Amino acid sequence: MILVTAATGHLGTATIDQLLSKNVPAGQIAGLVRDEKKAEGLAAKGISLRKGDYHDAASLQTAFQGIDTLVFISSGNIHDRVAQHRNVVDAAKAAGVKNIIYTSVLKASANLKFTAGIDHYHTENFLKESGIAYTSLRNTFYIEVLPGLLGGALQNGQWYYAAGNGKANFAARADMAEAIANVAIAPAAHANKIYEIAGNHSYTFHEIADVLSKVTGKTIQYIPVSLDALKEGMKQAGVPEAYIPMYAGIAEGISIGELDSNDNALEKLLQRKPITLEAYLPKVLGI
Ligand SMILES: NC(=O)c1ccc[n+]([C@@H]2O[C@H](COP(=O)([O-])OP(=O)(O)OC[C@H]3O[C@@H](n4cnc5c(N)ncnc54)[C@H](OP(=O)(O)O)[C@@H]3O)[C@@H](O)[C@H]2O)c1
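Residues numbered from 1 in each chain as written. Predicted model: local features only at pLDDT ≥ 70, side-chain atom pairs only at ≥ 80, totals over all residues. Heavy atoms only, no water.

## Brief notes about the side chain of Arg81
And step 1. By the secondary structure assignment, Arg81 is in helix α4 (residues 81-95).
And step 2. Within the structure, the side chain of Arg81 is placed 3.2 Å from the backbone oxygen of Ser75, a separation counted as a polar contact.
And step 3. Sequence-distant contacts of Arg81, defined by excluding residues within four places in its chain, comprise Ser74, Ser75, Ala116, Asp119 and His120. (Helix = DSSP H or I, 4+ residues; strand = E, 2+ residues; numbered from the N terminus. Polar contact = N/O pair within 3.5 Å; in protein donor to acceptor, adjacent residues only side chain to side chain. Contact = heavy atoms within 4.5 Å.)

## What about the packing of aromatic side chains?
And step 1. Going through the model one piece at a time under the given rule, you end up with nine aromatic pairs.
And step 2. Ring geometry for Phe72 and Tyr102: centres 4.8 Å apart, planes at 50 degrees, overall tilted. Taken together, the positions of Phe72 in strand β4 (residues 69-72) and Tyr102 in strand β5 (residues 99-105) put the pair 30 residues apart, joining distant regions of the chain. Side by side, Phe72 and Tyr102 carry an identical accessibility label, which is buried.
And step 3. When the ring of Tyr161 is compared with that of Phe205, the centres are 5.4 Å apart and the planes differ by 10 degrees; the resulting orientation is stacked. Of this pair, Tyr161 sits in strand β8 (residues 158-161) while Phe205 is found in helix α8 (residues 205-216), placing the two residues 44 residues apart along the sequence. Each member of the pair Tyr161 and Phe205 is classed as buried.
And step 4. Through pairs of rings, three or more aromatic residues link up here, namely Trp159, Tyr161, Phe205 and Tyr222. (Phe/Tyr/Trp six-rings, centres within 6.5 Å; stacked < 30°, edge-to-face > 60°. Buried < 20%, exposed > 50% of the residue type's maximum accessible area, 1.4 Å probe, protein only.)

In structure tokens form, the structure reads like this:
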């Protein structure tokens with residue numbers, strides 16, 4: 001039995017759909033959900049629902065009973081995520097889960113400038129210490145999040161950002177979901193492995209601006225700015241003060257290569273080329 005956590009999130013739902021499309025019977029798939037109403041679509045596909053919350057250790061231990069393979073999708077709530085993830089790994093061990101497939105971040109380490117990513121470093125350590133066979137899929141940023149870095153660039157043609165000349169690699173969430181499903185179907189082949197999950201090409205932000213220009217038909221120019229200027233711009237745009245250091249950390253991380261990868265693990269797991277930025281951006285931008 002495979003259980004997918006965060007089943008009502010984008011990646012969880014897409015992973016379940018991939019498992020079904022690869023002929024895993026619905027009766028062999030469960031979804032961990034917080035709100036069963038939000039999961040009516042999953043239930044309609046024949047997926048069994050197990051109620052649980054990463055904050056509630058007892059709920060997880062009950063939910064994980066009889067599960068062989070746990071697809072552990074990282075929490076969308078980053079405020080106390082390390083404690084939430086500790087609960088998940090401890091409950092999996094207590095329930096006798098045999099394999100855990102975890103969604104981490106590219107180049108997870110204790111020193112990331114993208115500070116939210118450090119949670120993944122700690123979680124990978126919990127996995128290693130647990131003795132459960134684990135696979136860490138270190139996902140780069142989704143192509144779907146790229147529009148969130150653009151500010152007003154699509155409107156005024158000028159993309160002010162603080163990535164310097166750093167390169168970044170974005171991949172489609174759908175490809176990541178398919179890679180997770182492929183690992184979940186044959187976990188033994190990937191036991192105790194860590195994969196850097198990225199597209200086949202890293203881009204400078206000048207190059208991304210060229211892609212944006214091509215797909216929108218508008219000239220969009222990337223204008224590198226300092227981190228302080230980026231922070232000030234976010235403040236003026238009304239970004240809540242509490243989030244500004246984390247968003248600035250993403251830019252700083254990109255400027256020093258935290259999202260730069262030429263690893264082809266995603267292509268190997270998919271057994272085909274990943275979707276490219278050029279092909280997928282129009283869909284993401286609704287063009
Ligand atoms: N690589 C990237 O670019 C990127 C971007 C954003 C996020 N992420 C990370 O990747 C994960 C999956 O991405 P996504 O696109 O599926 O995100 P998403 O659609 O925002 O889903 C987040 C999921 O986390 C669940 N969650 C939040 N708090 C929880 C808790 N206390 N207990 C149990 N579940 C909880 C949510 O449950 P509900 O459905 O009940 O709300 C939801 O299913 C995210 O959670 C985040 O850790 C990666």
